[in-house]
Structure formats: structure tokens, C-alpha cells
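Here's the letter readout for the chains.
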Amino acid sequence: MDGAEDRLAMSERGIQIHGTTVADVEAARRSFLHRLGELGLDQYVQTSDITAGQSPSVGFQILEKFADEWSPDGDTLHLCEALNLHTQSNPGDLEREILLAMLLCPVPFQFSSHEELTSAVRVRKYIVEAARKTALAFATQEAERPADYWTYDEDRGFILVPGQPLITALQRATQPEESGKRYTFSCRRAGEYVVLLSLVQEARTSNPELFGKLHQQAEARAIKGGEFERLFQRKIGSLSNPLPLKFFVPGDRTWFRNPEELSSGVTGYEGSWTFYLGDGLFADFWRKDKKYTLTTKCLAMYHWRHATYRDDEGDLQISEQVVEELVEQTLRNPAEVDQILQEMLRLQAPLGTFAGGAIEAHREFPCQVCPGTSDLVLPDVEQI
């Protein structure tokens, strides 16, 4: 590969900031490099211009020698260990881990401005902070919310009580330290509340008009499921260009699929939605003060197949107590752990088939929210 090809390959990963003019892009370059310097990361980063056949933009990537050392085979789970980051106690270290992982991404994160990049990093920090505090009661057939803030409508779902603050309402629904109670959620809906909370927190300061519209939407109708993912989330990676199996950025929302046919037929156990918290940990909304590693997440889902039973109505269920016991037993047998991970740490098979593993080809992260470049469209709010 000659120098030009090498520069092109480098530009197709990491972070890209676009602009309408070259002057916009140069200002973004200076601003981002200044922030990297404040964080002590500029020495590890190179830039590349991307102008051919598209709007002016600038790319940022981790220098290859550091990428190979910190993220072999695209594995970002050990960045904190490699760089001695303490993300639980140091918000600056959490920002460092977020940016380092993004700069290491083999598929470029693309932003419409430096402001959108800065906003996206803040949103990821909000997600991690909220997910750390989220603790819920798992349920698939029932749901409840704090009645002072939410009311249920058969057609519209849980809607915000008019006049109530949306941030507080979302926190009261998901964070027992705010409400004193664990409310019932499915894992998919729980993740949607965490993402929405983080977007509203960001919009409060960066886009007050959008902040108001998010309140209007919450009072009009709940957006959930596939519609939520289309409207509120962006994706990076694809089936044709999958991300590495162990590549995660703090704040990523991801779905681990249950690759075993029988147990995946139990409602709520088709898979598991969660967030990457950084430092090799994934959120666990159901067990008090617990977090998953990638290994323990895979082991727990693998053992769902060994914890099935029939309830009094003859319906298939899964015993979480049995799952926890089996995970603990397996962890004492490294050879068994390796065998299970060989099955689970593979890309998911197409839906309807069961020949793959647990890992998605892509990751999800929230859409842009800054004035003039936001790509968030709320269907039940008048668009200006």
C-alpha cells in the first residue's frame, strides 16, 4: 500500500467532522485538537482531510502503533486498564475512554459539526451515568410508572402528565435513589428511557427548542420499539461491514441475542438489551449493585437453556436463580468458559435462524441534537 492509499484507509475510520466550507472544517479541526490536548490525547492522534467527491471534512484517528497496542483486533474492553483510566470516579477519564474508543473505530463516526461531536460525547456520558443508577423489576406482561408523573393510555402508552418535568419523570421511573421504588420494565423499554433521559438532559442546554418538543412528544404519545430505534438512534457497523466482536464505546446500546431456539421462545428471553458502561462492564438493571462483563453476560445467556421450567399453567419460564448458580459454577472451570465463549462470541444469525452467536454487527447511539443539524424528528410534534 502506497502513502496515498494508506492515508485513505486511515481516513475511513475514527471520527469525521463535516462542514459546508473549508473554513468550517479548519475551525472544527482546531477546536477538537484543542480539546484532545486538554485531555492529554492529542499526542496519540493524527488527522486527515477528506474532500474528494463530498463536502469538506476532517478525519481523526489513533496512530496505528497505539491502536495496535491498546485495541488488538478491535477489542476496546481493556482501554481503561491500558491507559490507567478511572472512569467510575473521574468524569474526565470517562470522556477519554469515549473519545479513544471512537477514534479507534474501524468505521468512521460522522458528525455534522464539532458541536455535534461534543454534544454526542456528553450524551454518552449521560447514558453511562444514568445506566449506572438504573435499577428495575423485570416484567414483560405488565408495567408501572410513578403515578405523579405518568399516566397510561391504551392507545398512546405511558404519557407524561402535562406540566411535569420530563427529566424528573424519567429519573423517578428508572432510578430508585430518586423514587424509592423499582418499577417494572422490559429491558428494551428500560433502555429507551435511559436514552431519552440522556437526550433530554443534553437538549436542555444545547437546544432549548428541541427540549420543549421532547416534552410535547412525551405528553402526546410514547415512542417505542422499532420506531424508537429509527427516530432516536443512529447505527454504526452493518452486516456487510460488521464491527469487531469486542468493539464497544461507553454509551453504546446493544442487543445480545439468545442463539438457542427453545429458551429464546420464553417471552423476554429472546435476547437482552443493555448499555456498555466502559471499563469492560455492561449494565445490569435487575440485580442490585451488579454489572456484567462480556464473559459473564455471555455465560448468563448461554445458561438460559439450562434453567427452563414449566409454570403452573404449563408455560415455559426461566429461573434466574438457577442461571446465577450455573454461571458461578462455570466460572470455576476455565475450559468450559472458553468453550461457551466460542459459541456465544460470534455474530448473530439472521432472525428466524439459530446458527450464529450473541453479538450484533452494529452498535446504536443517539441521534444529533444541535440546532440546525439535529436529525431527530418527532412525529407527534409540529415541525418548524
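**Student:** Can you help me understand the overall build of the chain in this one?
**Tutor:** What the chain contains, in helices and strands, is 14 helices and 16 strands. Compactness check: the chain gives a C-alpha radius of gyration of 21 Å against a globular reference of 21 Å for 384 residues, within 12% of the reference. In the chain, buried positions account for 54% of the 384 residues. For the chain, restricting intrachain contacts to residue pairs at least 6 apart in sequence, the fraction spanning at least 24 positions comes to 68%. Treating the 39 positive side-chain charges of the chain as one cloud and the 58 negative ones as another, the clouds have centres 2 Å apart.

**Student:** Before we go on, may I ask you to explain the environment of E142 in this structure?
**Tutor:** Mapping E142 onto the fold places it in the loop between β5 (137–138) and β6 (150–153). With 215 residues separating them in the primary sequence, E142 and G357 have C-alpha atoms 29 Å apart.

**Student:** Help me out: how do you make sense of helix α6 (residues 114–133) in this one?
**Tutor:** Each α-helix winds once per 3.6 residues, and so residues spaced three or four apart point in a common direction. The first and last C-alpha atoms of α6 sit 29 Å apart over 20 residues, in line with the 28 Å expected at 1.5 Å per residue. The opening residue of α6, the one whose side-chain oxygen lies 3.4 Å from the backbone nitrogen of E115, is S113.

**Student:** Before we go on, may I ask you to explain the packing of helix α2 (residues 22–38) against helix α5 (residues 91–103) in this structure?
**Tutor:** Packed helix pairs are specified by the crossing angle of their axes together with the interaxial distance, meaning the distance between the axes. Running from N to C, α2 and α5 cross one another at 130°; their axes reach a closest spacing of 11 Å. With respect to α5, the element α2 is oriented oblique. In this structure, the crossing between α2 and α5 has a hand that is left-handed. Of the residues in α5, those in contact with F32, R35, L36 and E38 of α2 are E95, R96, L99 and L103. Here the residues of the contact of α2 with α5 are counted per class, giving four nonpolar, no polar and four charged.

**Student:** When you look at α2 in this model, what are you seeing that I'm missing?
**Tutor:** Taking 1.5 Å per residue as the helical rise, α2 with its 17 residues ought to reach 24 Å, and the 24 Å between its terminal C-alpha atoms agrees with that figure. Listing the buried residues of α2 in full gives V25, A28, R29, F32 and L36. For α2, the buried positions fall inside an angular range of 105° around the axis, keeping them on one side. Seen from the open side of α2, the exposed residues pointing more than 90 degrees away from its buried face are A23, R30 and H34. Structurally, α2 contributes buried residues whose contacts are with β1 (15–18), β2 (45–50), β3 (57–62), α5 and α6.

**Student:** Please clarify how unusual backbone geometry should be interpreted in this entry.
**Tutor:** Negative phi values dominate among residues other than glycine, just as trans dominates among peptide bonds. The phi torsion at D73 lies on the positive side, around 60°, for a residue other than glycine. When you line up the elements, D73 lands in the loop between α3 (64–70) and α4 (79–83). Among the residues examined, D73 registers a relative accessible area of 77% and is labelled exposed. Here D279, not a glycine, exhibits a phi torsion of approximately 55°, which is positive. We classify D279 as partly exposed; its relative accessible area is 36%.

**Student:** Any chance you could explain the sheet that holds β1 here in plain terms?
**Tutor:** Note: strands within a sheet are paired through backbone hydrogen bonds, in either parallel or antiparallel orientation. Read across the open sheet, the four strands follow the order β2-β3-β1-β4; overall the sheet is mixed. Unpaired on one side and paired on the other, β2 and β4 (109–111) mark the two borders of the sheet. When strand polarity is set aside, the average angle formed by the axes of neighbouring strands in this sheet is 20°. Bridging between β1 and β4 involves three bridges; their strand directions are parallel. When the sheet's bridge partners are listed, I17 is paired in β4 with F111. Packed on one face of the sheet, α2 meets β1, β2 and β3 and runs near 25° to β3. Contacts between α5 and the sheet are confined to β1, β2, β3 and β4, with β3 contributing the most and set at about 105° to the helix.

Criteria and cut-off values
- Residues numbered from 1 in each chain as written.
- Predicted model: local features only at pLDDT ≥ 70, side-chain atom pairs only at ≥ 80, totals over all residues.
- Heavy atoms only, no water.
- Helix = DSSP H or I, 4+ residues; strand = E, 2+ residues; numbered from the N terminus.
- Rg over C-alpha atoms; globule rule 2.2 N^0.38 Å.
- Buried < 20%, exposed > 50% of the residue type's maximum accessible area, 1.4 Å probe, protein only.
- Contact = heavy atoms within 4.5 Å.
- Lys, Arg positive; Asp, Glu negative; His and termini not counted.
- Charge placed at Lys NZ, Arg CZ, Asp CG, Glu CD.
- Expected span 1.5 Å × (residues − 1).
- Polar contact = N/O pair within 3.5 Å; in protein donor to acceptor, adjacent residues only side chain to side chain.
- Axes fitted to C-alpha atoms, helices over the stretch in contact; angles between N-to-C directions.
- Parallel < 35°, antiparallel > 145°, perpendicular 65-115°, else oblique.
- Left-handed = near helix turned anticlockwise from the far one by under 90°.
- Nonpolar A, V, L, I, M, F, W, Y, C, P; charged D, E, K, R; others polar.
- Arc of directions from axis to C-beta.
- Pairing = 2+ DSSP bridges.

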